[in-house]
Amino acid sequence: MPAPLQTAVLPTHTPALLQAAVEETARALRSGRLAVIPTETVYGLAAHAFDADAVSRIFALKGRPTHNPLIVHIASIDLARRCAADWPDTADRLARAFWPGPLTLVLPRKPVVPDIVTAGGPTVALRWPAHPFAQALIRHAGFPIAAPSANLSARTSPTTVDHVRRTLDGLVPLIVDGGPCQVGLESTVLDLTARPPRILRPGMVHAEALRSVLDTVSESAPETGGIHRSPGLLDRHYAPLAPLIVRTWLDDHDLNQQLQSVAMPPDFPTDSPRPPVTCILAHTRIPAARNFLRVAVIPHDPEAYARALYAELHRCDELGAQLIVVESLPNTPDWAALTDRLRRASIRTP
Ligand code: TXA
Ligand code: MG
């Protein structure tokens, strides 16, 4: 465990504060330190992407396996082309349609990108974030920024500074407060080196939206060929502390019946109450609150749901929920990324 640091939290809510935070963060990254920065998707744990030592400290701090590559954030096509060995016409068209925004493009890498960033692989993942602070920072710094989500490996990504501080206070020198994340879910990762281009991680830029620019997009199962192309896709991920299950129910009675017989993990104490202390995340059939620790009502709209989901999961952790029950989501392309995250958050064994 590294020795505790004094963590500075930099506000950005006036133009002068934003500018000061940009300058201080750029200075920190340039000198090899780490900083937590806001993006429109989730907060990121940032380092100078060309500084292999700094990037290796990201892996150590998160407890992230080094076979899981990082996204490199850029804020111009020029900077993207400094990292990518090939810039196909499809990249240009996608960038025009979706950048800045929650889309990450996987392209052949240039040697200037250190191995630690790409997990030694031949490709680099590039994203131009839309958050004003992130854009201003990259422009001011002039170098690309490697940043995974600012959570411990496999846990729920942070969408507010409070979430970040709960795990990283005293472990990073700098946290920039850019307010709650507007998208709230990690970016879509699209592999442009595959034929046809393939979604490695679904996000709010969904397959149908991509098909407005590309002729074909593959959404094939991540395990295809047994190759871990995007490790974030495979394991238990995005997970709150309590077991999470996804259910459909007709009414309160039906839900309570289902919860009487829910299978808890083997380490769940047998003398605990049945059903366990439960948080419900509902969007359409809202159960009465009296039987539960919390009933969160999330809007039945994919954008609003994405903005709220991780904050609700963090809240369940904070309240000490023993079980999280999430109302199942519609089976349409605009909900696909959310369904994916809930599925991964519900995996119990690594
Ligand atoms: O929205 C986001 O993407 C956020 C913000 C901070 O930008 N970042 C993020 O990073 O979610 P992270 O490290 O938590 O997830 C990155 C995902 C992982 O699933 C990783 O395996 C995949 O992108 N990835 C990174 N580089 C890759 C590459 N060269 N090829 C395939 N997948 C890659
Ligand atoms: Mg992550």
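Keep in mind it's a predicted model, so treat the numbers as computed, not measured. (Residues numbered from 1 in each chain as written. Chains lettered and ligands numbered in written order. Predicted model: local features only at pLDDT ≥ 70, side-chain atom pairs only at ≥ 80, totals over all residues. Heavy atoms only, no water.)

A few words now on the site of ligand 1. In the vicinity of ligand 1 lie 27 residues, with Thr41, Asn68, His73, Ser187 and Arg201 positioned nearest. Contact between ligand 1 and Thr41: an oxygen atom at 2.6 Å from a side-chain N or O atom of the residue. Ser149 places a polar side-chain atom, nitrogen or oxygen, 2.9 Å from an oxygen atom of ligand 1. For the shell around ligand 1, the elements supplying multiple residues, two or more each, are strand S4 (71-73), strand S6 (123-127) and strand S10 (198-201). Sort the elements by how many residues they give to the shell around ligand 1 and S6 lands first, with 4 residues. Residue composition of the shell around ligand 1, by class: 12 nonpolar, 10 polar and 5 charged. (Near = heavy atom within 4 Å. Polar contact = N/O pair within 3.5 Å; in protein donor to acceptor, adjacent residues only side chain to side chain. Helix = DSSP H or I, 4+ residues; strand = E, 2+ residues; numbered from the N terminus. Nonpolar A, V, L, I, M, F, W, Y, C, P; charged D, E, K, R; others polar.)

Turning our attention to the sheet that holds strand S13 (residues 294-297). Strand order in the open sheet formed by 4 strands is S11-S14-S12-S13, and the pairing between neighbours is parallel. Looking at strand neighbours, the two that pair on one side only are strand S11 (244-247) and S13, the edges of this open sheet. Adjacent strand axes in the sheet meet at a mean angle of 20° when their direction is disregarded. Where S11 and strand S14 (residues 323-327) come together, 4 bridges link them in parallel fashion. Bridged to Val246 within S14 is Val326. (Pairing = 2+ DSSP bridges. Axes fitted to C-alpha atoms, helices over the stretch in contact; angles between N-to-C directions.)

What follows deals with helix H10 (residues 302-319). Every α-helix carries 3.6 residues per turn, so stepping three or four residues along brings you back to the same face. When the terminal C-alpha atoms of H10 are compared, their 25 Å separation across 18 residues agrees well with the 26 Å that a helix rising 1.5 Å per residue should span. A maximum bend of about 35° is found in H10 at Ala308. Within the sequence span of H10, burial applies to Pro302, Ala304, Tyr305, Ala306, Leu309, Tyr310, Glu312, Leu313, His314 and Cys316. Where H10 is buried, its residues touch helix H7 (161-168), S11, strand S12 (278-282), S13, S14 and helix H11 (336-345). Directly after H10, the chain includes Gly320, whose backbone phi takes a positive value near 80°. (Expected span 1.5 Å × (residues − 1). Bend = angle between axes of the 7 residues up to and from the residue. Buried < 20%, exposed > 50% of the residue type's maximum accessible area, 1.4 Å probe, protein only. Contact = heavy atoms within 4.5 Å.)

Attention shifts here to the packing of helix H1 (residues 15-30) against helix H6 (residues 132-141). Contact geometry for H1 and H6: axes closest at 9 Å, N-to-C directions at 55°. Relative to H6, the element H1 is oriented oblique. Along this stretch, H1 crosses H6, giving a crossing that reads as right-handed. Mapping the contact onto sequence places Leu18, Gln19, Ala21, Val22, Glu23, Thr25, Ala26, Leu29 and Arg30 in H1 and Phe133, Ala136, Leu137, His140 and Ala141 in H6. Here the contact of H1 with H6 is built from residues that sort into 9 nonpolar, 3 polar and 2 charged. (Parallel < 35°, antiparallel > 145°, perpendicular 65-115°, else oblique. Left-handed = near helix turned anticlockwise from the far one by under 90°.)

On to the environment of Glu327. Following the sequence through the fold, Glu327 ends up in strand S14. By relative accessible area, which is 6% here, Glu327 ends up buried. With 44 residues separating them in the primary sequence, Glu327 and His283 have C-alpha atoms 6.9 Å apart. Those residues within four positions of Glu327 in sequence are excluded, and the remaining contacts are Val246, Arg247, Trp249, Leu281, Ala282, His283, Thr284 and Arg285.

Looking now at the packing of aromatic side chains. Scanning the model with the defined rule gives 2 aromatic pairs in all. A centroid spacing of 6.1 Å and a plane angle of 40° characterise the contact between Trp87 and Trp99, whose relative ring orientation is tilted. Highlighted residues: Trp87 in the loop between helix H3 (77-83) and helix H4 (89-98) and Trp99 in the loop between H4 and strand S5 (103-108), separated in sequence by 12 residues. Given the relative accessible area of 11%, Trp87 is considered buried. (Phe/Tyr/Trp six-rings, centres within 6.5 Å; stacked < 30°, edge-to-face > 60°.)

Let us now look at the nonpolar core. The biggest cluster of nonpolar side chains holds 69 residues, and the ones touching the most others in it are Leu94, Trp99, Leu126 and Leu190. For Leu190, the contacting residues outside a window of four places in its chain are Leu94, Leu103, Thr104, Leu105, Val106, Pro197, Arg198, Ile199, Leu210, Leu214 and Val217. Residues Val42, Leu281, Ala296 and Ala321 belong to the second largest nonpolar core, which totals 26 residues. (Core = buried A, V, L, I, M, F, W, Y, C linked by side-chain atoms within 4.5 Å.)

Let's shift gears to the confidence of the model for the chain. Averaged over all residues, the pLDDT of the chain equals 92, while 94% of them reach at least 70. Least confident of the elements in the chain is helix H9 (residues 252-260), whose mean pLDDT is 93; most confident is S4, at 99. Scored below 50 in pLDDT, residues 223-228 makes 4 contacts in the model with residues more than four places away or belonging to other chains. (pLDDT = per-residue confidence, 0-100.)

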